[in-house]
Amino acid sequence: MSSPLSRRKLITTGLATAAGVSGLGVAAVLAQRYGLIPPDHGGIFGAGETLTYAGQRLLTSHHSLAREFNRSEISKVAFVNGKPPQNEAYQRHVAGGFADWRLTVDGLVARPSSFSLADLKRFPARSQITHQACEEGWSFIAEWIGVPLSTVLNFVGVSAQAKYVVYYSLDGFWWDSIDMPDAWHPQTFLAYGMNGGELPVDHGAPVRMKVARQLGYKSVKYISHITFTDSMKHIGDGLGSPAPAAGYSWYAGI
Ligand SMILES: Nc1nc2c(c(=O)[nH]1)N[C@H]1C(S)=C(S)[C@@H](COP(=O)(O)O)O[C@H]1N2
Ligand SMILES: [Mo]
């Protein structure tokens, strides 16, 4: 077995060669060998997306943490992107304090489940004070309180075949997906609290995904359904997220 260092060097050289000398096709071959093809690998930017994603996954630890801050560093103003769901169902949830809201978890799991907000709050709570950055250029630091997605993964018994977690907003429009390393990552949360209080409606009440190591658009608000799959082919347009169609990457690591 080669040492991690030489393997890393080999991979670095391989990726550099792929990018610079022999064209991006080699990167795809390398990524294919390691099973690191992102869902948005097609099209004119696809080779670049594959290079970024495979490079990240091969060269950086799956467990490296996003920086955490002190309470005194929490931003005075937390920006908001997008509007709460405009449908009547959501208005009813808000009026009823989310008592009837449920999070459905299905797909490649041993125990498909449905959680109320109270169910989620019975799991051990965790918090993180991290930076949220939007692709539009603004960012803020906030405290997010919730249950690590890994806790739910263990509870539902996610299958070894699962490659992606797909999550949907109850606005019926926003959705996204992440790979299993980010799903198991200790800073990937189902967040139901913010800055010491309940998660505000503007920030995704009752529950949002919080993916600390990727851009804000991966942190979908108003989550109501999570599913596990081994392929993105038949989900949405097959690209893993609405982001690629809008010119952004599926893998938005920061
Ligand atoms: N359901 C839903 N989720 C969403 C959005 C949205 O408009 N609707 N905006 C996304 C984008 S682009 C960003 S940057 C963050 C912003 O989160 P915030 O409004 O809590 O700052 O949420 C993401 N999740
Ligand atoms: Mo964003």
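None of the values given here were measured: they were computed from a predicted structure.

S.K.: What exactly am I supposed to notice about the site of ligand 1 here?
M.R.: Neighbouring ligand 1 are 20 residues, the closest being F79, N81, H203, R208 and K221. N81 has a polar backbone atom sitting 2.8 Å from an oxygen atom of ligand 1. Between a nitrogen atom of ligand 1 and a side-chain N or O atom of S169, the distance comes to 3.4 Å. Its free accessible area being 530 Å², ligand 1 has 99% of it covered by the protein chains. The cavity that encloses ligand 1 is the second largest pocket. The class makeup of the residues in the shell around ligand 1 is nine nonpolar, seven polar and four charged.

S.K.: Would you mind going over the sheet that holds strand 5 (residues 164-169) with me for this structure?
M.R.: Strands belonging to one sheet form pairs held by backbone hydrogen bonds; the direction of such a pair is parallel or antiparallel. In space, the five strands of this open sheet follow the order 2-1-10-5-6, with mixed pairing throughout. One side of each edge strand has no neighbouring strand; the edge strands of this open sheet are strand 2 (113-115) and strand 6 (175-179). Across the sheet, the axes of successive neighbouring strands diverge by a mean angle of 15°, strand direction being ignored. Where strand 5 and strand 6 come together, five bridges link them in antiparallel fashion. The partner of Y168 across the bridge, within strand 6, is W175.

S.K.: When you look at the pattern of salt bridges in this model, what are you seeing that I'm missing?
M.R.: As a working rule, side chains carrying opposite charge can pair if their charged atoms are close by. Here the structure, examined in full by the defined rule, presents nine salt bridges. Taking the shortest distance from any N to any O, the salt bridge between D119 and R122 comes out at 2.5 Å. Of this pair, D119 and R122 both sit in helix 5 (residues 117-122), three residues apart, which is roughly one turn of the helix. A residue is classified by how much of its surface remains accessible, and D119, at 25% relative accessible area, is partly exposed. We note a salt bridge from D176 to K218, for which the minimum N-O separation is 2.4 Å. With D176 in strand 6 and K218 in the loop between strand 9 (208-211) and strand 10 (223-229), this residue pair connects regions lying 42 residues apart in the sequence. As far as the burial class goes, D176 and K218 line up, both buried. The network of salt bridges with shared partners includes R57, D179, D182 and R213.

S.K.: Explanation requested: the packing of aromatic side chains in the structure shown.
M.R.: Aromatic ring pairs are reported here in terms of the distance separating the ring centres and the angle at which the planes meet. The tally for this structure, following the rule as stated, stands at 15 aromatic pairs. Relative to F155, the ring of F123 lies with its centre 5.4 Å away and its plane at 80°, an arrangement referred to as edge-to-face. In this pair, F123 sits in the loop between helix 5 and strand 3 (126-133) while F155 sits in helix 6 (residues 149-156), placing the two residues 32 residues apart along the sequence. The interplanar angle of 85° and the centroid separation of 5.8 Å between the aromatic rings of Y164 and W250 together place this pair among those described as edge-to-face. One end of the pair, Y164, is in strand 5; the other, W250, is in the segment after strand 10, and 86 residues separate them in sequence. Given the relative accessible area of 10%, Y164 is considered buried. W250 sits in the buried class, given a relative accessible area of 1%. A network of ring pairs unites the aromatic residues Y53, Y164, W250 and Y251 as a single cluster.

How each quantity is defined
- Residues numbered from 1 in each chain as written.
- Chains lettered and ligands numbered in written order.
- Predicted model: local features only at pLDDT ≥ 70, side-chain atom pairs only at ≥ 80, totals over all residues.
- Heavy atoms only, no water.
- Near = heavy atom within 4 Å.
- Polar contact = N/O pair within 3.5 Å; in protein donor to acceptor, adjacent residues only side chain to side chain.
- Areas by Shrake-Rupley, 256 points an atom, 1.4 Å probe, with all protein chains shown as cover.
- 1 Å grid on protein atoms, 1.4 Å probe; cavity = no way out; pocket = protein on both sides within 12 Å on 5 of 7 lines; lining within 4 Å.
- Sits in = over half its atoms within 2 Å of the grid points.
- Nonpolar A, V, L, I, M, F, W, Y, C, P; charged D, E, K, R; others polar.
- Pairing = 2+ DSSP bridges.
- Helix = DSSP H or I, 4+ residues; strand = E, 2+ residues; numbered from the N terminus.
- Axes fitted to C-alpha atoms, helices over the stretch in contact; angles between N-to-C directions.
- Salt bridge = Lys/Arg side-chain N within 4 Å of Asp/Glu carboxyl O.
- Buried < 20%, exposed > 50% of the residue type's maximum accessible area, 1.4 Å probe, protein only.
- Phe/Tyr/Trp six-rings, centres within 6.5 Å; stacked < 30°, edge-to-face > 60°.

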